[in-house]
Amino acid sequence: MRSSCMFLQIMVILFITVTNIGAQTQPLTNKKLLRPFNNTISALFVFGDSTVDSGNNNYISTVIKCNFPPYGRDFLNHIPSGRFTNGRLVTDFAASYIGLKELVPPYLDPKLSLEELMTGVSFASAGSGFDPITAQLSGVIPLQKQLEYFKEYKRRLENAIGEERTKLLISKAAFLVSAGTNDFLVNYFSTQFRSKTYTVSAYQHFLLQHVQQFVQDLLAEGARLIGVVGVPPLGCLPVLITLNHHSPLQHRECIDSYSAVGKEYNWHLQNLLKIMRIHGTQLVYGDIYNSLNDMIQNPNHYGCCGSGLFEAAIFCNPNSIVCNNASEYIFWDAVHPTQATYYNLFRSLRPIIDSVIKQ
């Protein structure tokens, strides 16, 4: 990367995390949800970064926030909930499909009812990653702190419904972990904290060690069904294209070398989860790389609802120019997908979800 762009790159990259959509954006109701395959999933617990943060960063001191327009433009009542998109996330679609509830709320919301707590929450924090330094760079909630919040959650539930019922609920719950993008983009490729010590390959394995430890920690807390999502084609994120082209307004091609790093990491992640499987548990790999890459290769839909240059977090605000119909684009800001893309990603993951909840 060019040294003249390094300061700008670090400042901007710190703010990233990495169809019948019309029907999906209608006001949500309290209708009773169907349970496909009569599944008995009790709750959905979510850990990770901005791809699954439903608003926890609203409650901490950080600039990595999006609780202002135009975020949430197509969300329920057009509210900027703290989700880094124009509407709902994959986890919202998944929870609704499983039959739990329409939306997965942030754990740090002090107004959550016992029912909301019992059916699942998100502990995720935009800007976080498996590498502890990644969260420090953005002043957000590290994965280990998210785990501590889950332990706190268990204690709250035990006080409300008892230890045995809590243990049963946890054992029947689905856990989802989505992180890793920020570790590469915010941390390794943008600072020297890790790149001076690790080669790309060594850093990939460093991250996988943290993935392994985090999954083991969840298993120790009673989790029996855990899904871990891979990273997207990193070189296709609009902000990264902007920062690595001499003429970003004219040349918007994906940068294959970055995407190759993500693809290799995903391969190792998939193998790690296979090795870690033990009797009585399900460890599932969630592929978003290929489905997102397929969308990006369609020139009629690839693009950003904003300018696609630098918008993310505070750089995407009420003064930003935003498209009229976000469902026509893959990216909402310069980093994060639109609700339409998240819905399509959910659809691509649905065969895996079906295979899991049938068991």
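Residues numbered from 1 in each chain as written. Predicted model: local features only at pLDDT ≥ 70, side-chain atom pairs only at ≥ 80, totals over all residues. Heavy atoms only, no water.

Asker: Is there a simple way to think about helix α3 (residues 90-98) in this case?
Answerer: For an α-helix the count is 3.6 residues per turn, leaving residues at separations of three or four pointing the same way. Within α3, nine of the nine residues are buried, which leaves it mostly tucked inside the rest of the structure. Taken together, the buried positions of α3 are occupied by Val-90, Thr-91, Asp-92, Phe-93, Ala-94, Ala-95, Ser-96, Tyr-97 and Ile-98. One or two steps after α3, the chain reaches Gly-99, where phi turns positive at roughly 105°. (Buried < 20%, exposed > 50% of the residue type's maximum accessible area, 1.4 Å probe, protein only. Helix = DSSP H or I, 4+ residues; strand = E, 2+ residues; numbered from the N terminus.)

Asker: How should the state of the cysteines be read in this particular structure?
Answerer: In a disulfide, the sulfur atoms of two cysteines are held together by a covalent bond. Here the structure, examined in full by the defined rule, presents one disulfide. A sulfur-sulfur distance of 2.1 Å marks the disulfide that ties Cys-236 to Cys-254. Here Cys-236 and Cys-254 share a disulfide; its torsion about the S-S bond, 120°, makes the bridge right-handed. Placement of Cys-236 in the loop between β3 (225-229) and α10 (238-243) and of Cys-254 in the loop between α10 and α11 (256-276) is noted, with a sequence separation of 18 residues between them. (Disulfide = S-S within 2.5 Å.)

Asker: Would you mind going over the packing of helix α12 (residues 289-296) against helix α13 (residues 339-357) with me for this structure?
Answerer: Two measures define how a pair of helices packs: the angle their axes make with one another and the distance between the axes. One can describe the packing of α12 onto α13 by two numbers: an axis separation of 10 Å at closest approach and a directional angle of 130°. Between α12 and α13, the crossing angle belongs to the class labelled oblique. Here the hand of the crossing between α12 and α13 comes out right-handed. On α13, the residues that touch Ser-291, Leu-292 and Met-295 of α12 are Thr-341, Asn-344, Leu-345 and Ser-348. (Axes fitted to C-alpha atoms, helices over the stretch in contact; angles between N-to-C directions. Parallel < 35°, antiparallel > 145°, perpendicular 65-115°, else oblique. Left-handed = near helix turned anticlockwise from the far one by under 90°. Contact = heavy atoms within 4.5 Å.)

Asker: It is not clear to me how the sheet that holds strand β2 (residues 174-178) should be interpreted in this structure. Could you clarify?
Answerer: Strand pairing within a sheet occurs via backbone hydrogen bonds; the two strands may be parallel or antiparallel. Spatially, β1-β2-β3-β4 is the arrangement adopted by the four strands of the open sheet, whose pairing is parallel. Across the chains shown, the open sheet's two edge strands, defined by having one partner strand only, are β1 (44-48) and β4 (282-286). The sheet shows a mean angle of 20° between the axes of neighbouring strands, direction not considered. The pairing of β2 with β3 spans four bridges and is parallel. (Pairing = 2+ DSSP bridges.)

Asker: Mind showing me how you'd approach the pairing of β1 here?
Answerer: Every regular strand shows the same layout, with side chains that alternate between the two sheet faces. Across the five residues of β1, five count as buried, placing the element largely inside the fold. Going residue by residue along β1, you find Leu-44, Val-46 and Gly-48 tucked away on one face and Phe-45 and Phe-47 tucked away on the opposite face as well. Sheet analysis places β1 next to β2, joined by five bridges and oriented parallel. Bridging from a neighbouring strand, Gly-48 pairs with Ser-178 of β2.

Asker: Help me understand the nonpolar core, please; the structure alone is not making it clear to me.
Answerer: Side chains that are nonpolar tend, in soluble globular proteins, to be buried together. In this structure, Phe-45, Phe-47, Tyr-153, Phe-175 and Ile-226 are the most contacted members of the largest nonpolar core, which totals 101 residues. No other element matches helix α9 (residues 200-220), which puts nine residues into this core. (Core = buried A, V, L, I, M, F, W, Y, C linked by side-chain atoms within 4.5 Å.)

Asker: Quick question: what am I supposed to make of the pattern of salt bridges here?
Answerer: Charged atoms that come close allow side chains of opposite charge to pair. For the coordinates displayed, the defined rule picks out seven salt bridges. Measuring nitrogen to oxygen at the nearest pair gives 3.9 Å for the salt bridge that ties Asp-74 to Arg-73. (Salt bridge = Lys/Arg side-chain N within 4 Å of Asp/Glu carboxyl O.)

Asker: What should I look at first to understand the side chain of Lys-154 in this one?
Answerer: Considering the arrangement of structural elements, one finds Lys-154 in helix α6 (residues 143-161). With residues near it in sequence (within four places) discarded, Lys-154 still touches Thr-166, Ile-170 and Glu-221.

Asker: What is the right way to read the packing of aromatic side chains from this model?
Answerer: Between two aromatic rings, the relevant description is the distance of the centres plus the angle of the planes. The tally for this structure, following the rule as stated, stands at 29 aromatic pairs. When the ring of Tyr-188 is compared with that of Phe-189, the centres are 5.4 Å apart and the planes differ by 80°; the resulting orientation is edge-to-face. The burial state of Tyr-188 is the same as that of Phe-189; both residues are buried. Through pairs of rings, three or more aromatic residues link up here, namely Phe-45, Phe-47, Tyr-107, Phe-123, Tyr-149, Phe-150, Tyr-153, Phe-175 and Phe-214. The ring centre of Tyr-149 lies 4.8 Å from the NZ or CZ of Lys-145, which sits over that ring. (Phe/Tyr/Trp six-rings, centres within 6.5 Å; stacked < 30°, edge-to-face > 60°. Lys NZ or Arg CZ within 6 Å of the ring centre and 35° of its normal.)

Asker: What exactly am I supposed to notice about unusual backbone geometry here?
Answerer: One can expect most non-glycine residues to show negative phi and most peptide bonds to be in trans. Here the amide bond leading from Pro-69 into Pro-70 is cis, since omega sits at 5°, within 30 degrees of zero. Residue placement: Pro-70 occurs in the loop between β1 and α3. The backbone phi angle of Asn-38 is positive, close to 50°, even though this residue is not glycine. Within the element layout of this structure, Asn-38 appears in the loop between α2 (21-24) and β1.

Asker: Explanation requested: α9 in the structure shown.
Answerer: Its 21 residues place the ends of α9 30 Å apart at the C-alpha level, agreeing with the 30 Å of an ideal helix rising 1.5 Å per residue. For α9, the full list of buried residues reads Tyr-203, Gln-204, Phe-206, Leu-207, Leu-208, Val-211, Phe-214, Val-215, Asp-217, Leu-218 and Leu-219. Note on α9: the residue one or two positions beyond its end, Gly-222, has a positive phi of about 110°. (Expected span 1.5 Å × (residues − 1).)

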